[in-house]
Amino acid sequence: MSDSDDPAPEPAGLEGLPPIYSISKGEVVSVQTYGAFVRLPGYKKEGLVHVSEMSASRIENASEIVDVGEQVWIKVIGREIRGDKVKLSFSMKAVNQGTGRDLDPTNVMAEQDARRRRQFRDHTGNRITLEAVLNTTCSKCGCKGHFTKDCFSAPGLQYALLPEEDNDEPQQQQQQQQLSAVTPQQDSDKKKKKKKEKKMKKKRKRERKESESNSDSSDSKAKKRRRDHTQGREDKKKKKHKKHKSHKHS
């Protein structure tokens, strides 16, 4: 057998790990919210099955699928060296959990997931750099933060930025002025209303007194009429009685 038939040597740091895209049955040793750690027989290193690799449907928590001590079929989809650590990535959705059959024999899904993870890691790894302001004063315009050679100010009139005025103060002053203008009017209106009310009260009292006096006078007149009428009747009776007596004596 020639040397060309020998298998390619493992990269440095990946010796003693399960081959990429190999399928094995392992035991769940830890369950976290983001995934489950699985240990394969014959290997000391544990691999992570992320929640996105557990099922084709969306999963919020790994405990919905697996428990500690459970035996699951996995497919090795990633082997990475980060610093001094080696990271193993497993997939459960790429293997039939009943028979152990490979559901992604061409490894298309595994490559797409790996590419997606790399893009996400590259975007999140970008750092925001802040540029420092130069601690210098321009001899041309007198401003800080740039050199004289980089100054764009033109000779002639110099303009300075005015500090921003607090817009709340004019508004408050206007409101106070409006209130001060409104309050005298309100006071005068109130006074007028009070005067009108007093006049109306006086008028009602006068009318009430007049009506009472009229009723009293009418009552007194009626009483007088009744008294006169009764007196007249009594006088008539007396006259009749006198006449009757005179007829008897005669």
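Residues numbered from 1 in each chain as written. Predicted model: local features only at pLDDT ≥ 70, side-chain atom pairs only at ≥ 80, totals over all residues. Heavy atoms only, no water.

### Brief notes about the nonpolar core
1) Next: Judged by nonpolar contacts, the single largest core of 17 residues is most densely connected at Val-38, Met-54, Ile-74 and Phe-90.
2) Next: Looking at this core, the elements that each hand over two or more residues are β2 (35-39), β4 (71-82) and β5 (85-91).
3) Next: No other element matches the three residues that β4 contributes to this core.
4) Next: When sequence neighbours within four positions are dropped, the list of residues in contact with Phe-90 reads Val-38, Leu-40, Gly-47, Leu-48, Val-49, His-50, Glu-53, Ile-74, Lys-75, Val-76 and Ile-77. (Core = buried A, V, L, I, M, F, W, Y, C linked by side-chain atoms within 4.5 Å. Buried < 20%, exposed > 50% of the residue type's maximum accessible area, 1.4 Å probe, protein only. Helix = DSSP H or I, 4+ residues; strand = E, 2+ residues; numbered from the N terminus. Contact = heavy atoms within 4.5 Å.)

### As for unusual backbone geometry
Phi is mostly negative for residues that are not glycine, and the peptide bonds are mostly trans.
1) Next: The residue Tyr-21 is not glycine, and still its phi comes out positive at about 65°.
2) Next: Along the chain, Tyr-21 turns up in the segment before β1 (23-31).

### Details of empty space enclosed by the protein
1) Next: Inspection of the entire model under this criterion finds one cavity of 30 Å³ or more.
2) Next: For the largest cavity, the calculated volume is near 40 Å³.
3) Next: Every residue lining the largest cavity is listed: Glu-53, Lys-75, Ile-77, Ser-91, Lys-93, Ala-94, Asp-104, Met-109, Ala-110 and Asp-113.
4) Next: Only β4 and α1 (108-124) provide two or more residues apiece to the lining of the largest cavity.
5) Next: Here the lining of the largest cavity takes three residues from α1, the largest share from any one element. (1 Å grid on protein atoms, 1.4 Å probe; cavity = no way out; pocket = protein on both sides within 12 Å on 5 of 7 lines; lining within 4 Å. Points joined across faces, edges and corners; volume = space filled by probe spheres on them.)

### Side note on the pattern of salt bridges
1) Next: Per the counting criterion, the structure on display carries three salt bridges.
2) Next: Between Glu-46 and Arg-39 there is a salt bridge, with the nearest N and O atoms lying 2.7 Å from each other.
3) Next: Using a relative accessible area of 39% as the deciding quantity, one classes Arg-39 as partly exposed. (Salt bridge = Lys/Arg side-chain N within 4 Å of Asp/Glu carboxyl O.)

### Focus on the pairing of strand β3 (residues 46-50)
Along any regular strand, the residues point their side chains to alternate faces of the sheet.
1) Next: Here β2 runs beside β3; their pairing, made up of five bridges, is antiparallel. From the neighbouring strand, Phe-37 faces β3, where its bridge partner is Leu-48.
2) Next: Where β2 folds back on β3, the antiparallel hairpin that results is connected by six residues, among which Gly-42 adopts a positive phi of roughly 90°.
3) Next: Direction of pairing for β3 relative to β5: parallel, over a ladder of two bridges. Within the sheet, the bridge partner assigned to Leu-48 lies in β5 and is Ser-89. (Pairing = 2+ DSSP bridges.)

### Notes on the packing of aromatic side chains
1) Next: One pass over the structure, following the stated rule, counts one aromatic pair.
2) Next: With 6.4 Å between their ring centres and 90° between their planes, Tyr-34 and Phe-37 make a pair best called edge-to-face.
3) Next: Using a relative accessible area of 42% as the deciding quantity, one classes Tyr-34 as partly exposed.
4) Next: For Phe-37, a relative accessible area of 23% puts it in the partly exposed group. (Phe/Tyr/Trp six-rings, centres within 6.5 Å; stacked < 30°, edge-to-face > 60°.)

### Brief notes about the sheet that holds β4
1) Next: Within the closed barrel, the five strands sit side by side as β1-β2-β3-β5-β4. Their pairing is mixed. The average undirected angle you get between the axes of adjacent strands in this sheet is 50°.
2) Next: Summarising the sheet, β4 and β5 pair through seven bridges and their orientation is antiparallel. Bridge pairing in β5 places Glu-80 opposite Lys-87. (Axes fitted to C-alpha atoms, helices over the stretch in contact; angles between N-to-C directions.)

### Describing the environment of Arg-39
1) Next: Here Arg-39 is to be found in strand β2.
2) Next: For the pair Arg-39 and Glu-27, spaced twelve residues apart in sequence, the C-alpha separation works out to 5.4 Å.
3) Next: Discounting chain neighbours no more than four positions away, the residues touching Arg-39 are Gly-26, Glu-27, Val-29 and Glu-46.

### Quick look at the environment of Ile-74
1) Next: Within the element layout of this structure, Ile-74 appears in strand β4.
2) Next: By relative accessible area, which is 0% here, Ile-74 ends up buried.
3) Next: Measuring from C-alpha to C-alpha, the distance between Ile-74 and Asp-102 comes to 9.4 Å, with 28 residues separating the pair along the chain.
4) Next: If near-sequence neighbours (up to four positions away) are discounted, Ile-74 is found in contact with Ser-22, Ile-23, Ser-24, Val-38, Leu-40, Val-49, Phe-90, Ser-91, Met-92 and Val-95.

### Looking at the pairing of β4
1) Next: Where β1 meets β4, five bridges bridge the pair, whose relative direction is antiparallel. Counterpart to Gly-26 in the pairing with β4 is Val-72.
2) Next: Between β4 and β5, which pair antiparallel one after the other, the connecting turn spans two residues, and Gly-83 there sits at a positive phi close to 70°.

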